[in-house]
Amino acid sequence: MLRGYAETRYKAKSWKTERRACARIEATILGLDIRFVVTNLDKGSAEHVHDVIYCARGQAENLIKRHKSQLASDRTSCRSPIAIVSQLAVGLPPVIDLTAFRADRF
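Keep in mind it's a predicted model, so treat the numbers as computed, not measured. (Residues numbered from 1 in each chain as written. Predicted model: local features only at pLDDT ≥ 70, side-chain atom pairs only at ≥ 80, totals over all residues. Heavy atoms only, no water.)

Reading across from one edge, 1-2-3 is the order of the three strands in this open sheet, with antiparallel pairing throughout. Whereas interior strands pair on both sides, the edge strands pair on one side only; in this sheet they are strand 1 (2-10) and strand 3 (31-39). Taken pair by pair, the neighbouring strands of this sheet meet at an average axis angle of 20°, ignoring direction. Note that strand 1 and strand 2 (residues 19-28) share nine bridges and pair antiparallel. Looking across to strand 2, one finds that R3 is bridged to E26. (Pairing = 2+ DSSP bridges. Helix = DSSP H or I, 4+ residues; strand = E, 2+ residues; numbered from the N terminus. Axes fitted to C-alpha atoms, helices over the stretch in contact; angles between N-to-C directions.)

As structure tokens, this is what we get:
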């Protein structure tokens, strides 16, 4: 497997400004797998934006989704991932590793 990262600027017709598009490209014997993130972040490499920021956010969303499905909680009152995980963890056995939700990752 070969993995690479690239970035470019992109502007859809409905957008007022250009945005940065960061892509992760993987080539395997099964073919190409291209995933991209459109962001307004100007700092950090394409690899950092995709692997550290985007994937961490996805992991947080997956944990929340898993919690909601397993414990039948339907709403949260905050938009901050750290606050949501803290709210969900109150009174529960330690099943969620809160160290994965460091403030510098969001």
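Next comes the rest of the write-up.
Here we take up the pairing of strand 2. Taken together, the nine bridges between strand 2 and strand 3 define a ladder with antiparallel strand orientation. Bridge pairing in strand 3 places C22 opposite V37.

Mapped onto the secondary structure, S45 falls in the loop between strand 3 and helix 1 (46-71). The exposure class of S45 is partly exposed, given its relative accessible area of 40%. For the pair S45 and A6, spaced 39 residues apart in the sequence, the C-alpha separation amounts to 8.9 Å. Each residue touching S45, except ones within four places of it in the same chain, is listed here: E7 and R20. (Buried < 20%, exposed > 50% of the residue type's maximum accessible area, 1.4 Å probe, protein only. Contact = heavy atoms within 4.5 Å.)

Let's shift gears to the pattern of salt bridges. Counted according to the given criterion, the structure contains eight salt bridges. With a closest N to O distance of 2.3 Å, E26 and R3 form a salt bridge. With a gap of 23 residues between them, E26 in strand 2 and R3 in strand 1 connect regions that are remote in the sequence. Note on E26: relative accessible area 9%, which makes it buried. On the accessibility criterion, R3 (44% relative accessible area) is partly exposed. E61 is paired through a salt bridge with R57; the nearest N and O atoms lie 3.0 Å apart. A residue pair is termed a helical-turn pair when its members lie 3 or 4 positions apart in one helix, as E61 and R57 do in helix 1 at four residues. The exposure class assigned to E61 is partly exposed, which follows from its relative accessible area of 43%. Looking at R57, the relative accessible area reads 53%, which means it is exposed. Connected via shared salt-bridge partners are R3, R24, E26, D33 and R35. (Salt bridge = Lys/Arg side-chain N within 4 Å of Asp/Glu carboxyl O.)

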